[in-house]
Amino acid sequence: MGVIESMIKFLKLSSFQKALNFCDLFSPIEDCEELNVFELNNRVSFEDVFSKFSLPLSNRSSVDGFAVFSEETFGASENTPVLLKLLGEQRVNDSPIDIEKGGCVRVATGSSLPGNSDGVVMIEHAKVSGDFVEIYKPISYFENVLKKGEDFMEGSVLINKGKRINFRDSALLAAAGFEKVKVYRKPRVAIISTGDEIIPYKEEISISKVYDANGPLIVNGIKNYAEALFFGIVKDSKKDLEEKFEYALENCDCIFISGGSSVGERDYIEEVIKNFGEIIHHGFLVKPGKPLLLGKKNNIPIIGFPGHPLPVMIHLNLVGISVLKKLGGDKNCYPKSDKGILGEPVFSVPGRVDLVMGYRKNNFIIPLLSKSDYISLATKSEFIIKIPEDREIILEGEEVEIYLWD
Ligand SMILES: Nc1nc2c(c(=O)[nH]1)N[C@H]1C(S)=C(S)[C@@H](COP(=O)(O)OP(=O)(O)OC[C@H]3O[C@@H](n4cnc5c(N)ncnc54)[C@H](O)[C@@H]3O)O[C@H]1N2
Ligand code: MOO
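Residues numbered from 1 in each chain as written. Chains lettered and ligands numbered in written order. Predicted model: local features only at pLDDT ≥ 70, side-chain atom pairs only at ≥ 80, totals over all residues. Heavy atoms only, no water.

- An unreviewed UniProt entry lists the protein under the name Molybdopterin molybdenumtransferase, with Thermodesulfobium acidiphilum given as the organism.
- Recorded under Function (unreviewed entry), the UniProt text for the protein is reproduced unchanged: "Catalyzes the insertion of molybdate into adenylated molybdopterin with the concomitant release of AMP."
- Turning to the protein, the UniProt record has this under Pathway (unreviewed entry): "Cofactor biosynthesis; molybdopterin biosynthesis." (UniProt positions renumbered as here; feature names shortened; annotations may be inferred.)

**Description of the state of the cysteines**
Okay, so step 1: Counted according to the given criterion, the structure contains 0 disulfides.
Okay, so step 2: Between Cys 252, a cysteine without a disulfide, and Cys 254, which holds the nearest cysteine sulfur, the sulfur-to-sulfur distance is 8.7 Å.
Okay, so step 3: The class of Cys 252 is buried, set by a relative accessible area of 5%. (Disulfide = S-S within 2.5 Å. Buried < 20%, exposed > 50% of the residue type's maximum accessible area, 1.4 Å probe, protein only.)

**Remarks on helix H3 (residues 167-175)**
Okay, so step 1: Listed as buried for H3 are Asp 169, Ser 170 and Leu 173. For H3, the angular spread of buried residues about the axis comes to 105°, placing them on one side. H3 presents Phe 167 and Arg 168 as exposed residues on the side facing more than 90 degrees away from its buried surface.
Okay, so step 2: Of the surrounding elements, those touching the buried residues of H3 are strand S2 (49-50), strand S11 (157-159) and strand S12 (180-184).
Okay, so step 3: Its side-chain oxygen placed 2.9 Å from the backbone nitrogen of Arg 168, Asn 166 serves as the N-cap of H3. (Helix = DSSP H or I, 4+ residues; strand = E, 2+ residues; numbered from the N terminus. Arc of directions from axis to C-beta. Contact = heavy atoms within 4.5 Å. Polar contact = N/O pair within 3.5 Å; in protein donor to acceptor, adjacent residues only side chain to side chain.)

**Describing the site of ligand 2**
Okay, so step 1: By nearness alone, every residue bordering ligand 2 is listed as Lys 287, Pro 288, Gly 289, Lys 290, Pro 291, His 308, Pro 311 and Ser 372.
Okay, so step 2: A distance of 2.9 Å separates an oxygen atom of ligand 2 from a polar atom in the backbone of Lys 290.
Okay, so step 3: Here the residues of the shell around ligand 2 are counted per class, giving 3 nonpolar, 3 polar and 2 charged. (Near = heavy atom within 4 Å. Nonpolar A, V, L, I, M, F, W, Y, C, P; charged D, E, K, R; others polar.)

**Description of the sheet that holds strand S20 (residues 293-297)**
Okay, so step 1: The 6 strands are arranged S16-S13-S17-S21-S20-S18 in an open sheet whose pairing can be described as mixed. Each end of this open sheet is capped by a strand with a single partner; those strands are strand S16 (227-234) and strand S18 (278-282). Strand after strand, the sheet turns through a mean of 20° between neighbouring axes, direction not considered.
Okay, so step 2: Alignment of strand S17 (residues 254-258) against strand S21 (residues 300-305), held across 4 bridges, turns out to be parallel. Residue Ile 255 lies in a different strand from S21, and its bridge partner there is Ile 302. (Pairing = 2+ DSSP bridges. Axes fitted to C-alpha atoms, helices over the stretch in contact; angles between N-to-C directions.)

**Examining unusual backbone geometry**
Okay, so step 1: Of note, the amide linkage connecting Leu 55 to Pro 56 takes the cis form, showing an omega dihedral of -5°.
Okay, so step 2: Mapped onto the elements of the fold, Pro 56 is located in the loop between S2 and strand S3 (60-61).
Okay, so step 3: Backbone torsion omega between Lys 287 and Pro 288 reads -5°, so that peptide bond is classified as cis.
Okay, so step 4: Mapped onto the elements of the fold, Pro 288 is located in the loop between strand S19 (286-287) and S20.
Okay, so step 5: The phi angle at Phe 142 is positive, at roughly 65°, despite the residue not being glycine.

**Topic: the packing of aromatic side chains**
Okay, so step 1: Counted by the stated rule, this structure contains 6 aromatic pairs.
Okay, so step 2: Ring centres of Phe 245 and Phe 276 lie 5.9 Å apart, and the angle between their planes is 25°; this geometry places the pair in the stacked category. Here Phe 245, found in helix H5 (residues 238-251), pairs with Phe 276, found in helix H6 (residues 269-276); they are 31 residues apart in sequence, far enough to count as distant.
Okay, so step 3: We classify Phe 245 as buried; its relative accessible area is 0%.
Okay, so step 4: Between Phe 256 and Phe 305, the ring centres sit 5.4 Å apart and the planes meet at 85°, which makes this aromatic pair edge-to-face. Taken together, the residues Phe 256 in strand S17 and Phe 305 in strand S21 connect sequence positions 49 residues apart. (Phe/Tyr/Trp six-rings, centres within 6.5 Å; stacked < 30°, edge-to-face > 60°.)

This is the structure we're talking about:
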């Protein structure tokens, strides 16, 4: 490739927003598996899950105390307690017993309320005296009671299709009696590291070699969202790359490749993607990661990450994981963002988005200055600060948007 061709390649840089919207080009893989309720964390529900019964199934006491007819406690006080006959005990695993006016029943937290009783006096506000209980405090109608169906009603949607199930959701599903739930199958991702200089950790390092950091970075980074299939390190050879691509396209739902995305003599990735599918965008108005390459074949996303590990980390977090969430059925696929106040000024070049590592100190956002070739600073960062394309400087005290690491 000549100098002019190389220059022309990057004349048309796309707005970074287009990279953030890359996930919109794909649809979820409509394929599922059934998982036990113990294995659901971080998986995406394949269906609307409806409750088969109401919870609680009956009116239940929220406290340890005495179930009563609430109106019979009106006027009770420390000096003039109301006296109610102790009719028995209703434990959590007992079937409801009866209660009559002028009486009360000892209940535990979670017990069904006996008969038509409509409130529970806490044990702290009562005292057993022989066959009677002295009530020292009045309660209102249904005080200290969780009413039947108050938590959720029979037939209501517990989890929507496309929701990423968290550990709290798994408790809800278990309480509702679900042993198994259908979830989207995780997309299978082919991960390829490229470069003649890239070596696996088993080999001896030398000045002309670089250990493969991007392989483990991508494999670990996507585990929550995908099945990661590491295809290994491929030399800068079009033939070798094409072979891996062909296999990956037949067996995987997505391809993530790092290195060789720029405009050098041996940067073949664009050409290889073109041979098998289509290029959507190559080159973005963003720092770092300008040569980011986004392509696809039908519903198979292909991302060519620039070789330096820092842009891989950033764009895996912002673009790669979003695409995997989309394929995996997640309705909420954009990166998590937040806002904060800058504690130090940060500088940029107008016309491009700058993505700067940052951390929080005394509730202020502090930028960590780094070059694309740094790896170490990223591990100290807590998030990524976004400097929009129309800003040259953002001053201390101004609000900035931050993207959270996944
Ligand atoms: N003439 C130009 N040169 C470059 C441009 C440009 O616009 N014009 N863009 C620069 C930018 S920005 C970036 S980013 C890099 C990206 O280049 P490539 O995607 O082609 O990546 P490589 O050249 O293959 O590698 C860059 C760098 O990263 C190291 N690397 C690669 N893979 C790994 C890995 N798996 N683990 C660890 N380190 C890796 C590689 O050894 C290189 O040092 O292009 C600029 N050049
Ligand atoms: O875009 Mo590159 O990642 O700055 O060196």
